[in-house]
Amino acid sequence: MERNVKCYVNKETRIGEIVQKYPESIDILMAAGMHCLGCAASQMESLEYACMVLGIDSQLLEDALNQVIEMKRA
């Protein structure tokens, strides 16, 4: 991730919080395989845990989310 990209989310951020605060992140989360963004469990799962369950690299997803959020906020 580029150094000048602000950190909006991190591995401990809950999926529900990401979706609520940053709706622009939904497409990236869905593309990563997180298809149950509105279910009760996703409201309490951290980004790191959800990535572990799906077998994907949480740092890569965190970086992608922060980049897309930064682009939308700029």
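Refer to the structure printed above.
In this report, we go over the structure that sits alongside the text. (Residues numbered from 1 in each chain as written. Predicted model: local features only at pLDDT ≥ 70, side-chain atom pairs only at ≥ 80, totals over all residues. Heavy atoms only, no water.)

**With respect to the packing of aromatic side chains**
Enumeration over the complete set of coordinates arrives at one aromatic pair. Between Tyr8 and Tyr22 the ring centres are 5.7 Å apart and the planes differ by 70°, which places this aromatic pair in the edge-to-face class. Taken together, the residues Tyr8 in the segment before α1 (15-21) and Tyr22 in the loop between α1 and α2 (26-31) connect sequence positions 14 residues apart. Across the pair, exposure class does not vary: Tyr8 and Tyr22 are buried alike. (Phe/Tyr/Trp six-rings, centres within 6.5 Å; stacked < 30°, edge-to-face > 60°. Helix = DSSP H or I, 4+ residues; strand = E, 2+ residues; numbered from the N terminus. Buried < 20%, exposed > 50% of the residue type's maximum accessible area, 1.4 Å probe, protein only.)

**Comments concerning the nonpolar core**
Counting residues in hydrophobic clusters, the biggest one holds 16 residues, and the most contacted among them are Ile15, Leu29, Met34 and Leu47. Those residues in contact with Leu29, other than ones at most four positions away along the chain, are Ile18, Val19, Met34, Leu37, Leu47, Leu61 and Leu65. (Core = buried A, V, L, I, M, F, W, Y, C linked by side-chain atoms within 4.5 Å. Contact = heavy atoms within 4.5 Å.)

These figures capture arrangement, not role.
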